[in-house]
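# Analysis of the macromolecular model
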Amino acid sequence: MQLRHLLLCFPLWISCQNTPATPITLEKVTLEPASLRFTKPSQRSYSQEKKVVKDLKNALNAAFSNEETSRVFTAIMVHHLIPYWVGTPWSFDGHPEQPGTQPVACSYFVATVLRDAGVTLNRYRMAQLGPEDEARYLSEKDPYLTLTFSDADSGKKMLAEKIPEGIHFIGFGDIHVGFIYRKGNQMTFIHSYYKNTIGVIIDPIENSPLWEVCNRFYVYPLSGNAPFLTRWKTKKAA
């Protein structure tokens, strides 16, 4: 039990300068309530952060429930990896191993972050697929959602009805991929945006220009998805 509490409080503990006076219980290990606010990158290098992520993942075991595992996975994505990539410019041919060093294409952003989170995948193979094929590749034989809508309002309503809290892979029609993150009633797209080579942004869905160019989404849940999380948890990071 002490190991479990240590593991589950670790994503929040390492972002603080001082050790908390009292242990953080499982119930307190959540992301910011009703907020899509991401933490800033720590003072560690990205390589050092990946070692933290590896240790977090490798400390998981079969005794952890799907809910507990989901919290750790979501915290890894939201607190430990994605913040480092925000602001990295976009390039169609960009495939850097680390954020900020070179521009990054949307598919390589997604595949690299998932790989660095400990998901077993071939980064190059996945990044060269189309959006639906990427969803299929990640899902293996699990189902993924295909959401077709006529306009932005119906699309937002559909997402609100179909997408639970947490991090999900999302493919935008035939042109683009990223993540969708939901917390409470708020949702955001996280992607390396091609327009004006903006690059990696956290984009509230209400303001996203992607509604103007897409009327179909392919969504594969990551947080809360028991088959995916079981595969992720049981495959130890090297």
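Below you will find a few notes about this structure. (Residues numbered from 1 in each chain as written. Predicted model: local features only at pLDDT ≥ 70, side-chain atom pairs only at ≥ 80, totals over all residues. Heavy atoms only, no water.)

## Details of the overall build of the chain
Applicable threshold: Going along the chain from the N terminus, every DSSP run of H or I of four or more residues is numbered as a helix, and every run of E of two or more is numbered as a strand. Partly exposed describes any residue whose relative accessible area lies between the buried limit of under 20% and the exposed limit of over 50%, with all areas from a 1.4 Å probe on protein chains only and scaled to the type maximum. Working rule for contacts: check all heavy atoms of both residues, and any pair within 4.5 Å makes them a contact. The Shrake-Rupley method, run with a 1.4 Å probe, gives the accessible areas here. Residue values count only the displayed protein chains as cover.
Helix and strand counts for the chain stand at eight helices and six strands. Traced from its N-terminal end to its C-terminal end, the chain shows the element sequence α-α-α-α-α-α-β-α-β-β-β-β-β-α. Evaluated residue by residue, the chain yields a buried proportion of 48% over its 238 residues. Nonlocal contacts in the chain, meaning residues at least 24 apart in sequence, comprise 61% of its contacts between residues at least 6 apart. Just so you have it, the chain exposes about 11500 Å², and 53% of that area is on carbon and sulfur atoms.

## As for the nonpolar core
Let me state the cut-off plainly: To define a nonpolar core, start from buried Ala, Val, Leu, Ile, Met, Phe, Trp, Tyr and Cys residues and group those joined through side-chain atoms within 4.5 Å.
With 44 residues, the main nonpolar core has Phe-73, Met-77, Phe-109, Leu-114, Ile-167 and Phe-179 as its most contacted residues. When residues in this core are grouped by element, the largest group, nine residues, is from helix α3 (residues 66-85). Membership of the second largest hydrophobic core comes to 16 residues, among which are Leu-159, Ile-163, Phe-189 and Leu-210.

## Some remarks on the packing of helix α2 (residues 46-58) against α3
Inclusion rule: Where helices are involved, their axes are fitted lines through C-alpha atoms of the stretch in contact, as for all axes, and angles between N-to-C directions lie from 0 to 180°. Geometric relationships in this document are graded by angle, where less than 35 degrees denotes roughly parallel, more than 145 denotes roughly antiparallel, 65 to 115 denotes roughly perpendicular, and other angles denote oblique. For any helix crossing, the convention is left-handed if the near helix is rotated counterclockwise from the far helix by under a right angle, and right-handed if that rotation is clockwise. Polar here means any residue other than Ala, Val, Leu, Ile, Met, Phe, Trp, Tyr, Cys and Pro, which are nonpolar, and Asp, Glu, Lys and Arg, which are charged; Gly is therefore polar.
Direction vectors running N to C along α2 and α3 enclose 165°, while the axes themselves pass 11 Å from each other. Classified by the angle between their axes, α2 and α3 sit roughly antiparallel to one another. In this structure, α2 crosses over α3, and the sense of that crossing is left-handed. Of the residues in α3, those touching α2 at Tyr-46, Glu-49, Val-52, Val-53 and Leu-56 are Ile-76, His-80, Leu-81, Tyr-84 and Trp-85. Considered class by class, the residues forming the contact of α2 with α3 number eight nonpolar, one polar and one charged.

## Brief notes about the sheet that holds strand β1 (residues 145-148)
What counts here: At least two DSSP bridges between two strands are needed for those strands to be called paired.
Taken together, six strands build an open sheet; the order of strands is β1-β6-β2-β3-β4-β5 and the sheet is antiparallel. Every other strand in the sheet has two partners, leaving β1 and β5 (199-204) as the edge strands with one partner each. Each adjacent strand pair in this sheet contributes to an overall mean axis angle of 25°, direction not counted. Strand direction decides the pairing type here: strand β2 (residues 166-172) and strand β6 (residues 216-221), joined by five bridges, are antiparallel. Counterpart to Gly-171 in the pairing with β6 is Tyr-218.

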